[in-house]
Every structure is written in structure tokens, then in C-alpha cells.
Number of protein chains: 2
Amino acid sequence: MYSRGVSTSERLIESTRELLWERGYVGTSPKAILERAGAGQGSMYHHFKGKPDLALAAIRRTAEMMRATAEAVLGGPGTPYERIAAYLLRERDVLRGCPVGRLTMDPDVITSEELRAPVDETLDWLRERLASIVREGQERGEFGPGLDAGETAATIVATVQGGYVLARASGQPAAFDAGVRGLLALLAPPATPTA
Amino acid sequence: MYSRGVSTSERLIESTRELLWERGYVGTSPKAILERAGAGQGSMYHHFKGKPDLALAAIRRTAEMMRATAEAVLGGPGTPYERIAAYLLRERDVLRGCPVGRLTMDPDVITSEELRAPVDETLDWLRERLASIVREGQERGEFGPGLDAGETAATIVATVQGGYVLARASGQPAAFDAGVRGLLALLAPPATPTA
DNA sequence: GTCTATAAACAGATAGAC
DNA sequence: GTCTATCTGTTTATAGAC
């Protein structure tokens, strides 16, 4: 239940965002959304065409917020390595998983071109953004010139997404951290590791 | 529908394995399982206590098969780096995702101590197995002695699990390959990359 | 062992009152 | 705009015939 100062349509979107994060698309029923939003059937079907339409609005917003969160760190101060490290080490509610990445395991999301699009675009944007930072690091001599920036960026995004899997499997956020530290060690400028 | 030479209980388990892989636990109904297995309600509730019990049998078998598949490559011939590369590059039906890892995004699996256990044990076994190979590689001088074997292994498993996420998001198996190649480049013995 | 019948709750959506 | 019926099909399970 959200505060009364917020519109019903807004409460529906936010409730859907939460439930998609917690239970995914197939695990989320309109009834559950309505209960959480404190709204009736009529409101939902007045503002949205149905469950897929509401989910699309929720997914788009979540995607936008994820990009903003990432950009806040990746566009911040520091060397390329430091910014990537800051991104990897930033505080996360690890056991909740990634609100965007988790949707890729949802059969009805992957099947729908419309619902999958914002997921794809977001992860693609993140990979590209990281690739540009890796290239920047290569120009500064921070990363080996032999690395393929795009592939390295894919590894970084994959490590994060897979880190959530390991953490949720074990119920331990530390499993995420282990994967991240392993990656940072592999990425570390060759000059640094030695005493 | 499976061949008549196989027991009903067997067909139920195999149908459940397929559906859990395709649609996850919350997305799989007993009805869908029964249809695929060509069995009636009575058969399922005769052989299993209910959906969770049948799912447990299916998950345990899938977990065991995944370990066997991994061990076939990891315990094969070659240097540690070569065996890890063989594991990462082995043929996979990438867009289907990992039948074990995907379950971590299932709210009802993660909530159930019983259903989560085989998932956790399998990924933990894989991480440990890879860690021992990394240590072996360090002894041979193939990997830097500064690496933490456990963390490096976590990165390897995470890259694979996250690779599935990237591939499914984009609908392109190539996204998985990019992450893997990026990781292999980072892992590559320092002597190799130069001409 | 396997089948069909039955059932209470839920999923997803529509209709129409207010 | 929001609400409460109403509705069809599904989910998950039990009962009992064969």
C-alpha cells in the first residue's frame, strides 16, 4: 500500500515492479498487484490493457532506473579500473537478484518481443558503456592492449549477473563478492599485483 | 509423450525436467507435466506426493547430470587452462539457459530449503572443482600465484551463468561466447598473448 | 497403478453501476 | 476513475471406480 498522495496508476506500476523483482512475470498475478497497490480490478484495466501492458510499463521504468544507477558510478571520478571496481563493488541487495537480468529466465518475457526489448537494450547499453571504459583504460595503459574491449565488458556484465545466481543458490551474498573479487584480480593492471 | 517402454514415473520425471528447464517451477503446472508425460492425475499422485515432490526428483536428476557433464570435460586430458577452456567452450544449447542456475530465479525454489539444496550443492561442487584445477594450474605456473583459486573459480562459474543471461536477453548465443572469450583472455597465461 | 470425477481456490479479463 | 459482480478456464489436490 502506497501513500495516498500518489496516483493509482503510479501505485500499480510500483507494485508491479516490486513483484516482478520478487517473483518474476509468470509468478506475478494481477490479483497480487492489486492487493499491494490497494486498488480494484477496474483501476488496473482502466489504466492498462492488461497484465502484459502493465508489466511493460514496470519493466521500462526498472530498466531506466538501472541505467541511471550504473551511470552514476561509471560516469563518476577515478581511473577506468577504479570506476569498474566501484561499479562491481557498489552496494547491492544481492539476494534479491538483478531486477532486469532475472527477467531473462521468464518464459513469457523472453517469448514476447515487446517485453524482452527493454531487457535487451539495458544489458546491451551496460556492456557498451563498460566497453568504452575498458578502451579508455587501454589508452591509458591500465589494461593490456591485447584485450578485446567488447568481450571484456561482456565478461564483466556476465560476472555480475552470474554472481547473483551464485548468491541466491547459496543464500549467501558473499558468493557474489567472491566472483567480483576474482574478476577484479584478473583485471588488475599487471603492475599492481606484485608487492 | 515418451516411448511405452519407459515407466510412468520415469516419464513424469523427464517431462518435469524439461518443463522446469523451459518454464521454471512457478511456470510449470501439473497439468502440463501430465500432458507431456501422457499420464493422468492419478498416476502423478500415486508416485509422488505432489508438485514439489515431483520437482525435487526432477531437480536432483538434472543436478546429477550437470555434474557428470562438467566432470567429463574437467576431468579430461589437457593442462588446467585447457580443461577450463574446454569447459567454457563446450557445446551448449545456450538459449535454453542453465537448467540448474535458472532455478535460482524461481521464488518457490529459493524459498524451499529442500528444492534449493540440490541447486546450491551443484554450483558449489562446480566452483570447488574449478578451484582445484586453478590451484593445479598455479603449481604448474600456468596461472599467477597471486590469484585466489576459490574466487577465480567463482568468477568462472559466474561468467557462465551470466553468459546465459546475456544470450537470452539478446536472443543471440554469441553474447554467451563473447563473455567466455573475454574471460579466457583474462585467464590466459601471460606468456601466450604476445605474438 | 491408472483412470475419471469432483472441488475450492486462483488467473485473467469483461460488464456495468456509481 | 474506481468499484463490485460475473465469467471462463486453470491450478492443485482428493476420492473413488476399475
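Chain A goes by TetR-family regulatory protein in an unreviewed UniProt entry, where it is assigned to Streptomyces glaucescens.

A. Here's a closer look at the packing of helix α1 (residues 8-23) of chain A against helix α2 (residues 30-37) of chain A. Residue and element names in this part refer to chain A. Running from N to C, α1 and α2 cross one another at 125°; their axes reach a closest spacing of 9 Å. The orientation of α1 with respect to α2, classified from their angle, is oblique. For the crossing formed where α1 meets α2, the hand is right-handed. Within the contact between the two elements, α1 uses R11, L12, S15, T16, E18, L19 and E22 and α2 uses A32, I33, L34, R36 and A37. For the contact of α1 with α2, the class distribution of residues is six nonpolar, two polar and four charged.

B. Layout of the protein's contact with DNA strand C. Neighbouring DNA strand C are 16 residues, the closest being P30(A), Q41(A), T8(B), G40(B) and H47(B). A breakdown of the atoms of DNA strand C within 4 Å of the protein gives sugar and phosphate a share of 66%. Side-chain polar atom of T8(B) to a phosphate oxygen of DNA strand C: 2.7 Å apart, as the coordinates give it. Taking S43(B), its side chain carries an N or O atom lying 3.0 Å from a phosphate oxygen of DNA strand C. Top contributing element to the surface near DNA strand C by residue count: helix α3 (residues 41-47) of chain B, with five residues. Grouping the constituent residues of the surface near DNA strand C by class yields three nonpolar, 11 polar and two charged.

C. Region of interest: the interface of chain A and chain B. The partner chain B presents 40 residues to the 40 residues of chain A that form the contact. Across the chain A/chain B interface, buried area totals approximately 3,500 Å², and carbon plus sulfur atoms make up 68% of it. When the buried surface of chain A facing chain B is broken down by residue, M105(A), R168(A) and L186(A) rank first, second and third, together holding 21% of it. Where chain A packs against chain B, one counts four salt bridges. Between E151(A) and R181(B) there is a salt bridge; the shortest N-O distance is 2.7 Å. Here chain A and chain B share 15 residue pairs in polar contact (both at pLDDT 80 or more) between them. Considering every element that reaches the side of chain A that touches chain B, the biggest residue donor is helix α8 (residues 149-170) of chain A, with 15 residues. Tallied by class, residues from the side of chain A that touches chain B come to 18 nonpolar, 13 polar and nine charged.

D. Looking closely at the protein's contact with DNA strand D. DNA strand D sits among 16 residues. The nearest are T8(A), G40(A), H47(A), P30(B) and Q41(B). Among the atoms of DNA strand D lying within 4 Å of the protein, the sugar-phosphate backbone contributes 64%. Within the side chain of H47(A), one N or O atom sits 2.6 Å away from a phosphate oxygen of DNA strand D. Here a phosphate oxygen of DNA strand D and a side-chain polar atom of Y45(B) are 3.1 Å apart. Contributions of two or more residues to the surface near DNA strand D are made by α3 (41-47) of chain A together with α2 (30-37) and α3 of chain B. It is α3(A) that provides the largest number of residues to the surface near DNA strand D, a total of five residues. Tallied by class, residues from the surface near DNA strand D come to three nonpolar, 11 polar and two charged.

Conventions adopted
- All residue numbers refer to positions counted from 1 along the written sequence of the respective chain.
- All chains are assigned letters beginning with A, and all ligands numbers beginning with 1, in the order in which they are written.
- Two thresholds apply to this predicted model, a pLDDT of at least 70 for residue-level local features and 80 or more for giving and counting side-chain atom pairs, whereas whole-chain, interface and lining totals are computed over all residues.
- Remark: hydrogens and water are excluded; side-chain values derive from all non-hydrogen atoms of the structure.
- For helices, the axis comes from a line fit to the C-alpha atoms of the stretch in contact; other axes are also lines fit to C-alpha atoms, and the angle between any two N-to-C directions lies between 0 and 180 degrees.
- Here a strand is any run of E in DSSP of at least two residues, a helix any run of H or I of at least four, and the numbering for each starts at the N terminus.
- Roughly parallel covers angles under 35 degrees, roughly antiparallel covers those over 145, roughly perpendicular covers 65 to 115, and oblique covers all other angles.
- Handedness of a crossing follows from how the near helix is turned relative to the far one, being left-handed for an anticlockwise turn of less than a right angle and right-handed for a clockwise one.
- The criterion used for residue contact is that any of the two residues' heavy atoms lie within 4.5 Å.
- Three categories are distinguished: nonpolar for Ala, Val, Leu, Ile, Met, Phe, Trp, Tyr, Cys and Pro, charged for Asp, Glu, Lys and Arg, and polar for the others, with Gly belonging to the last.
- One heavy atom within 4 Å of a molecule or strand is enough for the residue carrying it to be called near that molecule or strand.
- Within 3.5 Å is the distance limit for a polar contact, defined as a pair of N or O atoms, with the added protein rule that one can donate a hydrogen and the other accept it, and that residues adjacent in sequence qualify only through two side-chain atoms.
- Buried area is a sum: the accessible area each of two parts loses on coming together, probed at 1.4 Å, counted once for each and added.
- Salt bridges are defined as contacts in which a side-chain nitrogen from Lys or Arg sits within 4 Å of a carboxyl oxygen from Asp or Glu.

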